Amino acid sequence: YFSGIITDSEYLDVLKQFGMAGFLAYLAFYIIPLSFIWKGLKAGQRAGPLLEELAPATFLTLRASFIMIILALVMNIGESTFYNELLQGFLWMWMGLGARSARSIMDASRSRSFVH
């Protein structure tokens with residue numbers, strides 16, 4: 001019904017084309033990896049600086065992917081990342097790297113030697 005209306009927001013485009021159910025599925029694409037990465041950031045804070053000294057690239061990857069996902073969510077207000085294949089491939093790669101880095105940090109932080 002609303003497909004003839006032109007919008008400059010990817011959120012509004014998805015909402016008008018797929019409805020609320022489609023919009024929630026679309027948001028899950030960003031929110032689920034972001035929640036894994038957030039848990040990894042929290043686990044890294046609990047583990048303390050020793051773990052970061054032992055795995056600096058893992059922490060860098062985790063933080064960079066967190067920033068990229070947040071940036072993509074903000075960019076989608078006025079432009080498109082989901083429908084741009086080049087950006088999508090780049091973002092998927094960093095989401096995967098960030099989620100795996102988060103898992104590594106969470107696993108390492110469970111070790112008693114890193115917990116405060």
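Residues numbered from 1 in each chain as written. Predicted model: local features only at pLDDT ≥ 70, side-chain atom pairs only at ≥ 80, totals over all residues. Heavy atoms only, no water.

**Q** Mind laying out the overall build of the protein chain, listing which residues take part and the relevant values?
**A** Tallying secondary structure elements over the protein chain gives four helices and zero strands in all. From first element to last, N terminus to C terminus, the protein chain shows the α and β order α-α-α-α. What you see for the protein chain is a C-alpha radius of gyration of 17 Å, clearly larger than the 13 Å of a compact globule of 116 residues, by over 25%. By principal-axis analysis of the C-alpha atoms, the protein chain measures approximately 60 × 25 × 15 Å. Split into buried and exposed, the 116 residues of the protein chain put 34% on the buried side. The contacts in the protein chain between residues at least 6 apart in sequence include a share of 72% that link residues at least 24 apart. Of the roughly 7,400 Å² of accessible surface on the protein chain, a fraction of 69% belongs to carbon and sulfur atoms. The distance from the centre of the 9 positive side-chain charges to the centre of the 8 negative ones in the protein chain is 17 Å. (Helix = DSSP H or I, 4+ residues; strand = E, 2+ residues; numbered from the N terminus. Rg over C-alpha atoms; globule rule 2.2 N^0.38 Å. Buried < 20%, exposed > 50% of the residue type's maximum accessible area, 1.4 Å probe, protein only. Contact = heavy atoms within 4.5 Å. Areas by Shrake-Rupley, 256 points an atom, 1.4 Å probe, with all protein chains shown as cover. Lys, Arg positive; Asp, Glu negative; His and termini not counted. Charge placed at Lys NZ, Arg CZ, Asp CG, Glu CD.)

**Q** Please provide a residue-by-residue account of the nonpolar core, values included.
**A** Tyr-26, Tyr-30, Leu-62, Ile-69, Leu-73, Met-95 and Ile-105 are the most contacted members of the largest nonpolar core, which totals 22 residues. Elements with a minimum of two residues in this core: helix H1 (10–47), helix H3 (56–75) and helix H4 (85–109). When residues in this core are grouped by element, the largest group, 11 residues, is from H1. Residues in contact with Ile-69, not counting those within four places in the same chain, are Tyr-30, Pro-33, Leu-34, Ile-37, Leu-91 and Met-95. (Core = buried A, V, L, I, M, F, W, Y, C linked by side-chain atoms within 4.5 Å.)

**Q** Outline the packing of aromatic side chains, supporting the account with residue identities and numerical values.
**A** Scanning the entire structure with this criterion turns up eight aromatic pairs. Each ring, one from Tyr-11 and one from Phe-23, has its centre 6.1 Å from the other, and the planes form 85 degrees; the classification is edge-to-face. Per residue, the accessibility class of Tyr-11 equals that of Phe-23, and both read buried. Considering the side-chain rings of Trp-38 and Phe-66, the 5.8 Å spacing of their centres and the 35 degrees angle between planes classify their relative orientation as tilted. With a gap of 28 residues between them, Trp-38 in helix H1 and Phe-66 in helix H3 connect regions that are remote in the sequence. (Phe/Tyr/Trp six-rings, centres within 6.5 Å; stacked < 30°, edge-to-face > 60°.)

**Q** Kindly report on the packing of H3 against H4, identifying the contributing residues and their values.
**A** Between H3 and H4, the least distance of the axes is 8 Å, while the angle of their chain directions is 135 degrees. If you check the angle between H3 and H4, you find them oblique. The handedness of the crossing between H3 and H4 is left-handed. In contact with Thr-58, Phe-59, Thr-61, Leu-62, Ala-64, Ser-65, Met-68, Ile-69, Ala-72 and Met-75 of H3, H4 contributes Leu-87, Phe-90, Leu-91, Trp-94, Met-95, Leu-97, Gly-98, Ser-101, Ala-102, Ser-104 and Ile-105. Class assignment of the residues belonging to the contact of H3 with H4 gives a composition of 15 nonpolar, six polar and no charged. (Axes fitted to C-alpha atoms, helices over the stretch in contact; angles between N-to-C directions. Parallel < 35°, antiparallel > 145°, perpendicular 65-115°, else oblique. Left-handed = near helix turned anticlockwise from the far one by under 90°. Nonpolar A, V, L, I, M, F, W, Y, C, P; charged D, E, K, R; others polar.)

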